[in-house]
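# A look at the structure
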Amino acid sequence: MVAPVVGLTGGIGAGKSTVASHLAELGAKVIDADRIGHQAYRPGSEGFARVVEAFGPGVVGADGAIDRRALGALVFADPAARARLDALVHPLIAAEVAAARAEGFARPLVVEAAILLEAGWSPLVDRVWVVSTRRENAIARVMAARGMTRAEVERRLDAQMSDAERRRHADLVLENDGSPAALRAAVEAAWRSLVS
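Residues numbered from 1 in each chain as written. Predicted model: local features only at pLDDT ≥ 70, side-chain atom pairs only at ≥ 80, totals over all residues. Heavy atoms only, no water.

### Here we look at helix α6 (residues 135-146)
The criterion, for reference: Counting from the N terminus, the helices are the DSSP runs of H or I reaching at least four residues and the strands are the DSSP runs of E reaching at least two. In this scheme, a helix's expected span is set at 1.5 Å multiplied by one less than its residue total. Buried means the residue's accessible area, taken with a 1.4 Å probe over protein chains only, is under 20% of the maximum for its type, while exposed means over 50%, and partly exposed covers the values in between. Taking the helix axis as origin, the arc is that swept by the directions to the C-beta atoms. Contact definition: two residues touch when any of their heavy atoms are within 4.5 Å.
An ideal rise of 1.5 Å per residue puts 16 Å on 12 residues; α6 measures up with 16 Å between its terminal C-alpha atoms. Every buried residue belonging to α6 is among Ala138, Ile139 and Val142, and all of these are buried. Seen along its axis, α6 keeps its buried residues to an arc of 100°; they face one direction. On its buried side, α6 packs onto α7 (150-159). Looking one or two residues beyond α6, the residue adopting positive phi is Gly147, at roughly 65°.

### Some details on the sheet that holds strand β2 (residues 29-32)
Remark on secondary structure: sheet strands pair via backbone hydrogen bonds, oriented parallel or antiparallel. How we decide: In this description, strands pair whenever DSSP reports at least two bridges between them. To get an axis, fit a line to the C-alpha atoms, keeping to the stretch in contact for a helix; angles then go from 0 to 180 degrees between the N-to-C directions.
The five strands lie next to each other as β2-β3-β1-β4-β5, forming an open sheet whose pairing is parallel. The open sheet has two edge strands with one neighbour each: β2 and β5 (172-175). The average angle at which neighbouring strand axes cross in this sheet is 25°, direction not considered. Both strand β1 (residues 5-9) and strand β4 (residues 127-132) contribute to a ladder of four bridges, which runs parallel. By the bridge assignment for β4, Val6 is matched with Arg127. Of the strands in this sheet, β1, β2, β3 (109-112), β4 and β5 are in contact with helix α1 (residues 16-26), which crosses β1 at around 150°. Contacting β1, β4 and β5, helix α9 (residues 180-195) crosses the sheet at an angle of about 160° to β5.

### Some words on the nonpolar core
What counts is decided by this rule: Here, nonpolar core means buried Ala, Val, Leu, Ile, Met, Phe, Trp, Tyr and Cys residues that are tied together by side-chain atoms lying within 4.5 Å of each other.
Core analysis: the biggest nonpolar cluster contains 32 residues, and Val51, Phe55, Leu71, Leu85 and Trp121 have the highest contact counts within it. For this core, the secondary-structure elements that each account for two or more residues are α2 (33-39), α3 (46-55), α4 (68-75), α5 (79-103), β3 and β4. Tallying contributions element by element places α5 first for this core, with six residues. Setting aside chain neighbours within four positions, we find Val51 in contact with Tyr41, Gly56, Val59, Ile66, Leu71, Leu85 and Leu88. Counting 16 residues, the second largest nonpolar core, distinct from the first, contains Val6, Ala14, Ala28 and Leu183.

### Description of α1
Those residues of α1 lying buried are Lys16, Val19, Ala20, His22 and Leu23. Looking straight down α1, one finds that the buried residues subtend no more than 160° of arc, so they occupy a single side. The inward-facing, buried residues of α1 abut β1, β2, β3, β4, β5 and α9. Downstream of α1 by one or two residues, Gly27 has phi in the positive range, about 120°.

### Quick look at the pairing of β1
Consecutive side chains along a regular strand alternate between the two faces of the sheet. Across the five residues of β1, five count as buried, placing the element largely inside the fold. Side-chain alternation along β1 places Val5, Gly7 and Thr9 on one buried face and Val6 and Leu8 on a second face that is also buried. By the bridge criterion, four bridges tie β1 to β3 in an arrangement that is parallel. Bridge pairing in β3 links Leu8 to Glu112.

### Focus: the pattern of salt bridges
Let me state the cut-off plainly: In the sections that follow, a salt bridge refers to a side-chain nitrogen of Lys or Arg positioned within 4 Å of a carboxyl oxygen of Asp or Glu.
Scanning the entire structure with this criterion turns up 12 salt bridges. Among the salt bridges present, the one from Arg184 reaches Glu25, with a minimum N-O distance of 2.5 Å. Of this pair, Arg184 sits in helix α9 while Glu25 sits in helix α1, placing them 159 residues apart in sequence.

Structural data, given as structure tokens:
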């Protein structure tokens, strides 16, 4: 029997990475779409050249790598710029997910992707799990973790699909407004149901 593929999504600050790490501890193979996306434009790569060509030398940091904060400020302020970046990165992420699926795996595969639904990757997964949190919680978490201003976080939240829309596509919603222990218990319950 082939193990199921779970698409794990949610807005910025919802707690996707925390849920993904719990699932990895429980035995899932986790593919982090953001990590693949960032690797897609590492220095010296074709993706790097395309990003600089599309967005200009201002997105290159002092270390010679793409400055993700500068790039983010551009793409989250301009839907057309975001679409250009997505067109560069999404096909690379989709190809990695398809390759992992083709390899086969004994334990569930989890694809952690903030833009799973927006990118049209639902056909790559068997189930969609959404991590959800109240907007204020998301704003506070991202400001604390990434040192962004409230306005920067709100711009990113406003550029993303709404939680209400994500919920319409979800097979399971993991609420992340309580304690870390409550989230962990919800993840463990979902895992037991997935592997049973």
